[in-house]
Amino acid sequence: ALASLSGAVPAAPVVLVTGATGRTGALLYGLFKEKGVNVRAFVRNATKAKEVLGCSKCDESEGIYIGYLTDQDVVDKAVQGTTALAVVTSAVPLCPPGAPDPSKCYYPKGAYPVDIDFHGGKAQFKAFAKASKGGHIVLCSSTGTTDPDNFLDKLGNGFISFYKLNEE
């Protein structure tokens, strides 16, 4: 009704899913595609995007943006023209098979929770706030963010819950 009174036609939503090749991100991206929503993906790896998302060129012509969350210029470019941001990114620890000791896990250089979940989260929010005209942000965080000294924080001594809480 508002559109008819003002003469303006609401723009179709354009959603950017960051972390689109992860488990949750891939499900969300696929659901948006299935529903006909104009969806973009922000990923680190075009080869993985081809496997997980089914893109052919896996580049901006298909709405696939390749880069690192810590590269503000790439993040800024990906959010241009979007109306919503779905943040489904997360640092992922690498653990030796069968390692019961969480301190045996590690994060690759530049992919610690402070890098991905804190600085990367801030980069996404900053870019979207600058580019958006009042769109929505949905953040998929983690369990245990308010529980100090939890198991997730001990994985690779990355304190992921702490950084997820600060991202929230």
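Here goes a summary of the coordinates provided. (Residues numbered from 1 in each chain as written. Predicted model: local features only at pLDDT ≥ 70, side-chain atom pairs only at ≥ 80, totals over all residues. Heavy atoms only, no water.)

**A word on unusual backbone geometry**
Thinking step 1. The phi angle at D149 is positive, at roughly 60°, despite the residue not being glycine.
Thinking step 2. Here D149 falls in the exposed class, since its relative accessible area comes to 59%.
Thinking step 3. Even without being glycine, N157 reaches a positive phi, approximately 50°.
Thinking step 4. Position of N157 among the secondary structure elements: in the loop between α6 (151-154) and α7 (160-167).
Thinking step 5. With a relative accessible area of 48%, N157 lands in the partly exposed category. (Buried < 20%, exposed > 50% of the residue type's maximum accessible area, 1.4 Å probe, protein only. Helix = DSSP H or I, 4+ residues; strand = E, 2+ residues; numbered from the N terminus.)

**Examining the state of the cysteines**
Thinking step 1. Under the criterion given, the structure shown has two disulfides.
Thinking step 2. Here C55 pairs with C58 through a disulfide, and the sulfurs are 2.0 Å apart. Here C55 and C58 share a disulfide; its torsion about the S-S bond, 95°, makes the bridge right-handed. There is no split in this pair, since C55 and C58 are both buried.
Thinking step 3. Disulfide pairing places C95 opposite C105 at an S-S distance of 2.0 Å. Between C95 and C105, the S-S dihedral sits near 110°, and the bridge is therefore right-handed. In this pair, C95 is assigned in the loop between β4 (84-87) and α5 (113-131) and C105 in the loop between β4 and α5, connecting sequence segments 10 residues apart.
Thinking step 4. Given the relative accessible area of 5%, C105 is considered buried.
Thinking step 5. By sequence-ordered numbering of the bonded cysteines, the protein has its disulfides arranged as 1-2, 3-4. (Disulfide = S-S within 2.5 Å.)

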